[in-house]
Amino acid sequence: MELKNIDHLFRHHSGKMVSVLTRIFGLNHLEIIEDAVQDTFIKASISWRAQQPEHPEAWLTKAAKNRVIDIFRKLQTEKNQIPNLTHGTQAIAINELFLDTEIEDAQLRMIFAACHPELDARDRISFALKTVSGFSIKEISSALLTKEETIKKRLTRARKAIKKADLKFNIPQGKMLQDRLESVMEVLYLIFNEGFHSNSKQQLIRTDLCGEAMRLCKLLLKRDTMRIPEVYALLALMCFHSARLDAKINSENELLDLKHQDRSLWHFPLIELGNIMMNKAVDTDDFSCYHFEAAIAAEHLKAKSFENTNWDKLLYWYESLNTLQPTPSHVLTMAVICMQKEDLHKADYYFKQIEPDVFAQRTYLYYAAKADYFYATGKMKEALVYIDHALKTVNNSLERNFLEKKKASWVNQK
């Protein structure tokens, strides 16, 4: 079996396996469980080279469960730490935990465990990305624009905090539920963003991550207590962005900006679902950052062509978003919108508020936008300097090709 297929299975099923096994063995043994799941996939990558089993997920789950049991036996803790998984009513109960509805329940429990207030706020997101959706440390580093060594430390701290507080593997109730939902939504947002605009070298779009984030968001909405406007707005945002995925890259595997995308490729059933979710989301007097971002995405979808885009409305939405949640990326986008409005003076005003280093792995976005600014002002020399800065710092090959193509077109105009 090809390695990419193993990776695909790991992405889709490792979170499920870790969640269910944690429900069986407890959060205190999470590190052993994660190692067991990792070992299982290594074993699968070797044993499946000749032939893939008929039911890969069932094979992986059983193998992971057996691997955990083996580890506990070696530690001579089986009698005190785990139930008898092979005989009697306990075996029946354990098997029922692998039913689809119970897997969903286990994943919800894991999401909320990852976002427990006993964990440092910075550690929760890293921990959830690792346990719920099977992110590698490198992928978490990219998603959070943070060094890999820092992510390792955060994961270690989270596991220690779980053991120290002896956290229970359950879903909070009442006010605690509402408080923790905010952290949960932030995690799902980051998972989706990494799929929509990945920082990996070869792959710009990762539809499996987008799908995973949407699946988990829908999972929240299956519970009456979690059907709140912010969750509906988050799912609407995901639907609106996902609707444009097929148009972001052409048949030559080239990145297309919004201006050059074929809008007939936009997936209208997803737009329709997004509109339904948005109608539910606006049943409130308090709009969240997800409301504003969904409104921004919807504004792009409303335009019949790039030229018909309502840039004034977009700038208004971004200013509102930045007031609620100030970030350099919002300010950068406001500068780009001002360039589309041909208001270069205001664009320069926004650029001057930004320090490029704050974008970490995505610094190239600042340099590329500043290159466009100098090009628009007729300063070709400066434009080429900045696009070279962008090329030096860009990671993804498709984005690199996009920038190289733009630079070549500018050089030919000289």
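Now for a quick tour of the structure.

## Focus: the overall build of the protein
Stage number 1. Each helix and strand in the protein was counted, giving 20 helices and zero strands.
Stage number 2. Here the protein holds 414 residues, and the buried ones make up 51% of them.
Stage number 3. Taking contacts inside the protein between residues at least 6 apart in sequence as the whole, the part at least 24 apart equals 65%.
Stage number 4. For the protein, the accessible surface area stands at approximately 20900 Å², while carbon and sulfur atoms represent 50% of it.

## Observations concerning empty space enclosed by the protein
Stage number 1. What the rule picks out here adds up to two cavities of 30 Å³ or more.
Stage number 2. When its volume is computed, the largest cavity comes out at roughly 80 Å³.
Stage number 3. Looking at the largest cavity, the residues that line it are Phe-10, Ser-14, Val-18, Glu-34, Val-37, Gln-38, Lys-130, Thr-131, Gly-134 and Phe-135.
Stage number 4. Contributing elements (two or more residues each) for the lining of the largest cavity: α1 (3-25), α2 (30-47) and α7 (121-131).
Stage number 5. Considering only residue class, the lining of the largest cavity consists of four nonpolar, four polar and two charged.
Stage number 6. By volume, the second largest cavity amounts to about 40 Å³.
Stage number 7. In terms of lining residues, the second largest cavity is bounded by Leu-27, Asn-28, Leu-30, Glu-31, Arg-159, Ile-162 and Lys-163.
Stage number 8. Elements with a minimum of two residues in the lining of the second largest cavity: α2 and α9 (148-165).

## Quick notes on the environment of Leu-314
Stage number 1. Looking at the secondary structure, you find Leu-314 in helix α15 (residues 311-324).
Stage number 2. When its relative accessible area of 0% is taken as the criterion, Leu-314 is described as buried.
Stage number 3. Every residue in contact with Leu-314, bar those within four places of it in the chain, is listed here: Ile-296, Glu-299, His-300, Thr-309 and Ile-337.

## What to know about the packing of helix α16 (residues 328-340) against helix α17 (residues 344-351)
Stage number 1. At a closest axis distance of 8 Å, the pairing of α16 and α17 adopts a crossing angle of 165°. On the basis of their axis angle, the class for α16 and α17 is roughly antiparallel. Viewed along their axes, α16 and α17 form a crossing whose handedness is left-handed. Across the interface between the two elements, Val-331, Leu-332, Met-334, Ala-335, Cys-338 and Met-339 of α16 pack against Leu-344, Lys-346, Ala-347, Tyr-350 and Phe-351 of α17.
Stage number 2. Grouping the constituent residues of the contact of α16 with α17 by class yields 10 nonpolar, no polar and one charged.

## Examining unusual backbone geometry
Leaving glycine out, the prevailing phi sign among residues is negative, and the prevailing peptide bond configuration is trans.
Stage number 1. Even without a glycine there, the phi angle at Glu-342 is positive, about 60°.
Stage number 2. In this structure, Glu-342 sits in the loop between α16 and α17.
Stage number 3. The exposure class assigned to Glu-342 is exposed, which follows from its relative accessible area of 70%.
Stage number 4. We note that Ala-360 has phi near 50°; this positive angle belongs to a residue other than glycine.
Stage number 5. Summarising the element assignment, Ala-360 is placed in the loop between α17 and α18 (363-376).
Stage number 6. Since its relative accessible area comes to 35%, Ala-360 is described here as partly exposed.

## What to know about the packing of aromatic side chains
Stage number 1. This model, assessed by the stated rule, comprises 15 aromatic pairs.
Stage number 2. Measuring from centroid to centroid gives 5.6 Å for Tyr-366 and Tyr-367, while their planes differ by 70°, and the two rings are edge-to-face.
Stage number 3. A residue is classified by how much of its surface remains accessible, and Tyr-367, at 16% relative accessible area, is buried.
Stage number 4. With a centroid separation of 6.1 Å and 50° between ring planes, the pair formed by Tyr-367 and Tyr-386 is classed as tilted. Here Tyr-386 lies in helix α19 (residues 380-393) and Tyr-367 lies in helix α18, a separation of 19 residues in the sequence.
Stage number 5. The class of Tyr-386 is partly exposed, set by a relative accessible area of 22%.
Stage number 6. The ring centre of Phe-196 lies 3.8 Å from the NZ or CZ of Lys-248, which sits over that ring.
Stage number 7. In this structure, Lys-370 is placed above the aromatic ring of Phe-351, and the distance from its NZ or CZ to the ring centre is 5.5 Å.

Parameters at a glance
- Residues numbered from 1 in each chain as written.
- Predicted model: local features only at pLDDT ≥ 70, side-chain atom pairs only at ≥ 80, totals over all residues.
- Heavy atoms only, no water.
- Helix = DSSP H or I, 4+ residues; strand = E, 2+ residues; numbered from the N terminus.
- Buried < 20%, exposed > 50% of the residue type's maximum accessible area, 1.4 Å probe, protein only.
- Contact = heavy atoms within 4.5 Å.
- Areas by Shrake-Rupley, 256 points an atom, 1.4 Å probe, with all protein chains shown as cover.
- 1 Å grid on protein atoms, 1.4 Å probe; cavity = no way out; pocket = protein on both sides within 12 Å on 5 of 7 lines; lining within 4 Å.
- Points joined across faces, edges and corners; volume = space filled by probe spheres on them.
- Nonpolar A, V, L, I, M, F, W, Y, C, P; charged D, E, K, R; others polar.
- Axes fitted to C-alpha atoms, helices over the stretch in contact; angles between N-to-C directions.
- Parallel < 35°, antiparallel > 145°, perpendicular 65-115°, else oblique.
- Left-handed = near helix turned anticlockwise from the far one by under 90°.
- Phe/Tyr/Trp six-rings, centres within 6.5 Å; stacked < 30°, edge-to-face > 60°.
- Lys NZ or Arg CZ within 6 Å of the ring centre and 35° of its normal.

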